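In case you want the letters, here they are:
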Amino acid sequence: PSFLEKIKSSGRGKVIDFQVGVFIEQNEPVEPSSAIDYAHLACNHIRGDMSKHISVFDNTVLTQFEDKQHVLEYFDQALREHWVKVFYQPIVRAITGEICNFEALARWQDPRKGMLNPGIFIPVIEDYKLSAKMDLYMVEEVCREAQERREKGIKQVPISVNFSRNDFDQCDMVEEISKITNKYNYPH
């Protein structure tokens, strides 16, 4: 049997599952404490994916860690300085070809890194319980932009904003959304 099978079967009928992070020293010597940190990052890279048991530290692991740190470090600034933009995805009626709705999507245009992939920042925001802050920011931006369009006489259609189920654990979303929509006199 393979190494993995030996470990899994050693539980005497109990399921043993594990994940291991590995750091392999390359050309440059690395301090033992750094090697342990790199192995830990490699292990975190596969956390939650029980189909993977071993992860070796590489540039992908390092990039993912650096992206996560960037999101956490600049999240508040990104909202404050409007690096996060609303992109409107039209929803079109197939029969008439008319736009009947828009879905508001968050896109992070970072001044240092350019456009961040939502696959990078959304999971970090979810994991660190920042989704309510992001989603309420999106509601505010949608309402503000809708008010500008309304003042210019541009035809309005409904706009959908996605929420994380975690938002409802973080605050009273109904109350917070109502405050924002009332501020912009946006119909509920």
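To be clear, the structure that these remarks concern was listed above.
Our subject in this report is the structure included herewith. Nothing here was measured: the structure is a model prediction, and the numbers come from that model. (Residues numbered from 1 in each chain as written. Predicted model: local features only at pLDDT ≥ 70, side-chain atom pairs only at ≥ 80, totals over all residues. Heavy atoms only, no water.)

Some details on the state of the cysteines
Disulfide: a covalent bond connecting the sulfur atoms of a pair of cysteines. How we decide: We call a pair of cysteine sulfur atoms a disulfide whenever their separation is within 2.5 Å. Each residue gets one of three labels from its accessible area relative to the maximum for its type: buried under 20%, exposed over 50%, partly exposed in between, using a 1.4 Å probe on protein chains only.
The full count for this structure, using the stated rule, is 0 disulfides. In this structure Cys 100 is not part of a disulfide, and its nearest cysteine sulfur, from Cys 143, lies 19 Å away. The class of Cys 100 is partly exposed, set by a relative accessible area of 22%.

Re helix α7 (residues 173–183)
We count it as follows: By the criteria applied, helices consist of DSSP H or I runs no shorter than four residues and strands consist of E runs no shorter than two, each listed in order from the N terminus. Directions drawn from the helix axis to the C-beta atoms are what define this arc. Working rule for contacts: check all heavy atoms of both residues, and any pair within 4.5 Å makes them a contact.
Looking at α7, one finds that the buried residues are Met 173, Ile 180 and Thr 181. With its buried residues spanning 95° around the axis, α7 presents them on a single face. For α7, the exposed residues set more than 90 degrees away from the buried face come down to Asn 182 and Lys 183. Contacts made by the buried residues of α7 are with α5 (131–151) and α6 (167–170). One or two positions beyond α7, positive phi appears at Asn 185, with a value near 50°.

Details of the environment of Cys 143
Note that Cys 143 resides in helix α5. On the basis of relative accessibility, which here comes to 3%, the residue Cys 143 falls in the buried class. C-alpha of Cys 143 to C-alpha of Ile 180: the two residues are 37 residues apart in sequence and 7.6 Å apart in space. When neighbours within four sequence positions are excluded, Cys 143 is seen to be in contact with Ile 180, Thr 181, Tyr 184 and Tyr 186.

Some remarks on the pattern of salt bridges
The condition is simple: Each reported salt bridge corresponds to a side-chain nitrogen of Lys or Arg within 4 Å of a carboxyl oxygen of Asp or Glu.
Summed over the entire model, instances satisfying the criterion amount to 9 salt bridges. The partner of Asp 67 in a salt bridge is Lys 113, with the nearest N and O atoms 3.4 Å apart. Of the two residues, Asp 67 is situated in helix α3 (residues 59–80) and Lys 113 in the loop between β4 (99–110) and β5 (114–116); the sequence distance between them amounts to 46 residues. Judged by its relative accessible area of 14%, Asp 67 is buried. With a closest N to O distance of 2.8 Å, Glu 141 and Arg 144 form a salt bridge. Of this pair, Glu 141 and Arg 144 are both found in helix α5, 3 residues apart, which corresponds to roughly one turn of the helix. Taking relative accessible area as the criterion, Glu 141 reaches 6% and is therefore assigned buried. Several salt bridges converge on common partners, so that one network encompasses Glu 141, Arg 144, Glu 145 and Glu 148.

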